[in-house]
There are 2 protein chains.
Amino acid sequence: MAEPGAGTPRERYRAQVRAEIKERAWEQIATAGASGLSLNAIAKHMGMSGPALYRYFAGRDELITALIRDAYRSLADTVRAAAEPGADVTAVAHALRAWALADPQRYFLVYGTPVPGYHAPDDVTTIASEIMATLLDGFAALPTDAPATRLDAHLEEHRQWADPHPAPPAALRRALAFWTRMHGVLSLELGGHFTGMGIDPAELFASELDDLLA
Amino acid sequence: MAEPGAGTPRERYRAQVRAEIKERAWEQIATAGASGLSLNAIAKHMGMSGPALYRYFAGRDELITALIRDAYRSLADTVRAAAEPGADVTAVAHALRAWALADPQRYFLVYGTPVPGYHAPDDVTTIASEIMATLLDGFAALPTDAPATRLDAHLEEHRQWADPHPAPPAALRRALAFWTRMHGVLSLELGGHFTGMGIDPAELFASELDDLLA
DNA sequence: AAGCTTGAGTTTGAGGCTATCACGAACGCT
DNA sequence: AGCGTTCGTGATAGCCTCAAACTCAAGCTT
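Residues numbered from 1 in each chain as written. Chains lettered and ligands numbered in written order. Predicted model: local features only at pLDDT ≥ 70, side-chain atom pairs only at ≥ 80, totals over all residues. Heavy atoms only, no water.

### Structural notes on the protein's contact with DNA strand C
Applicable threshold: Working definition: residue near molecule or strand if any one of its non-hydrogen atoms lies within 4 Å of it. In protein, a polar contact means a hydrogen-donor-capable atom and an acceptor-capable atom, both N or O and within 3.5 Å, with residues adjacent in sequence counting only if both atoms are side-chain atoms; elsewhere, any N or O pair within 3.5 Å suffices. Runs of E in the DSSP output that reach at least two residues are strands. Runs of H or I that reach at least four are helices, and both are numbered from the N terminus. Polarity classes work like this: nonpolar for Ala, Val, Leu, Ile, Met, Phe, Trp, Tyr, Cys and Pro, charged for Asp, Glu, Lys and Arg, and polar for all others, with Gly in that last group.
If you check the shell around DNA strand C, you find 20 residues, and the closest are Leu39, Asn40 and Arg60 of chain A together with Arg55 and Tyr56 of chain B. By atom count, sugar and phosphate contribute 66% of the portion of DNA strand C lying within 4 Å of the protein. Contact distances for DNA strand C include 2.9 Å between a phosphate oxygen and a backbone N or O atom of Asn40 of chain A. At 2.6 Å from a phosphate oxygen of DNA strand C is found a side-chain nitrogen or oxygen belonging to Tyr56 of chain B. Breaking the surface near DNA strand C down by element, the ones donating at least two residues are helix H1 (9–32) and helix H2 (39–45) of chain A together with helix H1 (9–32) of chain B. Here the residues of the surface near DNA strand C are counted per class, giving ten nonpolar, five polar and five charged.

### Here we look at the protein's contact with DNA strand D
Neighbouring DNA strand D are 20 residues, the closest being Arg55 and Tyr56 of chain A together with Leu39, Tyr54 and Arg60 of chain B. Within 4 Å of the protein, the contacting atoms of DNA strand D are 62% sugar and phosphate, with bases supplying the remainder. Between Arg55 of chain A and DNA strand D, the recorded distance is 2.4 Å, taken from a side-chain N or O atom to a base oxygen. Here a phosphate oxygen of DNA strand D sits 2.9 Å away from a polar atom, N or O, in the main chain of Asn40 of chain B. Listed by contribution, the elements that provide at least two residues to the surface near DNA strand D are H1 of chain A together with H1 and helix H2 (39–45) of chain B. Of the residues forming the surface near DNA strand D, the biggest block, three residues, is contributed by H1 of chain A. Taken together, the residues of the surface near DNA strand D break down into ten nonpolar, five polar and five charged.

### A few points about the environment of Arg18 of chain A
Residues and elements named next belong to chain A. Rules: In what follows, a contact means two residues having at least one pair of non-hydrogen atoms within 4.5 Å.
Of note, Arg18 is situated in helix H1. Sequence separation between Arg18 and Pro164 is 146 residues, and the spatial gap between their C-alpha atoms is 36 Å. If sequence neighbours within four positions are ignored, Arg18 has contacts with Tyr56, Phe57 and Glu62.

### Looking at the packing of aromatic side chains
Rules: Only centres within 6.5 Å qualify two rings of Phe, Tyr or Trp (six-membered ring in Trp) as a pair; their planes then separate them into stacked at under 30 degrees, edge-to-face at over 60, and tilted for everything else.
For the structure shown, the criterion picks out ten aromatic pairs over all chains. With a centroid separation of 5.6 Å and an interplanar angle of 80°, the aromatic rings of Tyr107 of chain A and Phe108 of chain A are classed as edge-to-face. Aromatic side chains Phe194 of chain A and Trp179 of chain B sit 5.7 Å apart centroid to centroid with 75° between the ring planes, which places their arrangement in the edge-to-face category. One end of the pair, Phe194 of chain A, is in the loop between helix H8 (169–190) and helix H9 (201–213); the other, Trp179 of chain B, is in helix H8 (residues 169–190), on a second chain.

### Concerning helix H3 (residues 60–82) of chain A
All names here are of chain A. How we decide: Here the expected span of a helix is defined as 1.5 Å times the quantity of residues minus one. Summary of the burial criterion: residues with accessible area below 20% of their type's maximum are buried, those above 50% are exposed, and those between are partly exposed, where the area comes from a 1.4 Å probe applied to protein chains only.
Counted at 1.5 Å a residue, the expected span for H3 with its 23 residues is 33 Å, and the 33 Å between its end C-alpha atoms agrees. Within H3 the residues assigned to the buried category are Leu63, Ile64, Thr65, Ala66, Leu67, Ile68, Ala71, Tyr72, Leu75, Ala76, Val79 and Ala82. Looking at the packing, one finds that the buried side of H3 touches H1, H2, helix H4 (89–102), helix H5 (104–111) and helix H6 (122–140).

### A few points about the UniProt feature "domain: HTH tetR-type" (unreviewed entry) in chain A
Note the following rule: UniProt positions are given in the numbering used here, feature names are shortened, and annotations may be inferred rather than shown by experiment.
Here, UniProt's "domain: HTH tetR-type" (unreviewed entry) annotation points to residues 15–75 of chain A. In this annotation, residues 15–75 of chain A is assigned 67% helix and 0% strand; the end-to-end C-alpha distance for the span is 22 Å.

### A short note on the relation of the copies chain A and chain B
Formally: To superpose the copies, least squares is applied to the C-alpha atoms of every residue with a pLDDT of at least 70 in both.
In the superposition of chain A on chain B (RMSD 0.0 Å, axial shift 0.0 Å), the rotation amounts to 180°. These values place the two chain copies in the arrangement generated by a two-fold rotation axis. Closest approach to the rotation axis among the C-alpha atoms of chain A is made by Gly184 of chain A, whose C-alpha sits 1.8 Å away. Comparing interface residues between copies, 100% of those in chain A also sit at the interface in chain B, which points to an isologous, same-surface contact.

### Quick look at the interface of chain A and chain B
Here is the rule we go by: Any carboxyl oxygen of Asp or Glu that lies within 4 Å of a side-chain nitrogen of Lys or Arg is treated as forming a salt bridge with it.
With 43 residues of chain A in contact, the opposing surface of chain B contributes 44 residues. If you look at where chain A meets chain B, you find six salt bridges. For the salt bridge of Glu203 of chain B with Arg150 of chain A, the shortest nitrogen-to-oxygen distance reads 3.0 Å. On inspection of chain A and its partner chain B, the count reaches 14 residue pairs in polar contact (both at pLDDT 80 or more). For the side of chain A that touches chain B, the elements supplying multiple residues, two or more each, are H1, H5, helix H7 (150–157), H8 and H9 of chain A. A per-element tally of the side of chain A that touches chain B places H8 of chain A first, with eleven residues. Among the residues forming the side of chain A that touches chain B, the class breakdown is 20 nonpolar, 17 polar and six charged.

### Quick notes on the UniProt feature "DNA-binding region" (unreviewed entry) in chain A
As annotated in UniProt, the feature "DNA-binding region" (unreviewed entry) corresponds to residues 38–57 of chain A in the numbering used here. From the first C-alpha to the last, residues 38–57 of chain A spans 13 Å; its make-up is 35% helix and 0% strand.

In structure tokens, the structure reads:
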């Protein structure tokens with residue numbers, strides 16, 4: 001995004017077409033899910049014929065990988081923006097939920113059913129730890145008087161994932177709990193597992209958040 | 001399963017072939033995920049030619065629906081078995097985790113990324129409430145001295161999903177929290193989101209369970 | 001026991017998809 | 001202006017789902 005029109009005209013054009021392909025792909029994913037994504041359909045929709053897209057993405061997998069990367073990036077940016085100085089973890093939680101609700105399939109691209117063979121590229125795990133670092137910032141700033149748990153001991157010895165961050169074990173534990181609990185409610189909500197139960201998922205989400213901060 | 005060899009010979013044969021198809025389908029799903037399931041491949045693997053399978057399942061969707069139903073049934077049976085009289089919620093939690101780890105793709109067939117168009121048949125929601133009823137049994141038997149929360153009030157007014165069950169609001173709340181939290185840890189674990197972090201998911205799972213029962 | 005009915009499994013084929021290849025045409029740099 | 005790079009095309013191979021027509025055997029009926 002630095003220098004909007006950078007590079008040679010060819011590179012500009014190429015980047016623009018790639019962007020449009022991804023845009024169409026998102027539309028298709030939103031309505032048919034990731035499994036219903038069709039390069040052919042995207043091409044036709046853009047007025048091109050099938051194989052043309054292979055100039056821009058090596059194949060379906062590479063396109064989906066690019067989309068996953070973008071989704072991760074978008075999530076990390078959203079979380080980071082919500083964690084601006086002064087804001088507490090509650091703001092992050094609500095930003096996360098809003099991000100998920102805005103495009104459920106995008107959420108599931110990141111946290112949904114994994115494809116057995118697929119392995120995420122390295123930069124994605126980098127983004128993931130960026131998200132965790134933001135959470136750690138939030139919880140390290142939050143004092144707690146709860147006694148150390150069994151998990152705290154485990155985390156004290158296995159804290160590679162939080163590596164350069166100085167957060168104490170209790171913060172690590174709470175950040176992890178934040179992550180898993182928010183994800184628990186969100187993925188069930190987006191999966192439609194509460195529909196028909198008469199429950200308001202927002203209340204459940206808020207309750208879990210309260211419990212976490214108590 | 002009542003009366004192993006029930007019905008006419010034709011029906012027996014039909015049931016047997018249907019069962020074998022589903023068996024092969026599970027193998028395929030375990031290694032390639034639900035999206036990689038191919039009727040054609042199953043047929044070839046069984047020594048038949050493609051379209052023969054359509055005698056037994058109207059199409060790919062119907063086969064997957066049958067698999068989802070079986071997975072739900074299996075989960076409900078597992079949970080119910082673990083909740084035999086005297087056993088507490090801890091046993092249910094560990095049975096749930098063992099069930100999920102035994103076949104991650106089966107777990108994701110139930111709780112994974114939903115296909116936008118797809119709507120589960122009614123009997124599946126029946127099984128889902130059977131599972132919830134078992135959880136409610138467990139938590140209704142568990143005394144708690146915690147004060148009523150905001151969510152308790154909401155649940156008192158929206159308890160259709162627990163309908164004939166006499167559990168108090170606090171039990172409803174804790175059963176829901178059990179469900180969402182266990183799912184939070186499990187789905188992230190099975191999705192491989194902890195790999196590379198150095199964390200033992202079992203510790204995290206146990207910690208969440210402890211916290212829930214404290 | 002003979003004949004009719006039912007249903008299993010086959011081949012054929014339409015239509016969709018991913019992906020590869022060779023070709024012509026446009027583009028931009030020198 | 002010329003030339004190499006890159007884009008887009010059609011053709012093709014190999015998957016897939018699913019519909020239709022046809023063959024054949026097994027089972028029920030009389």
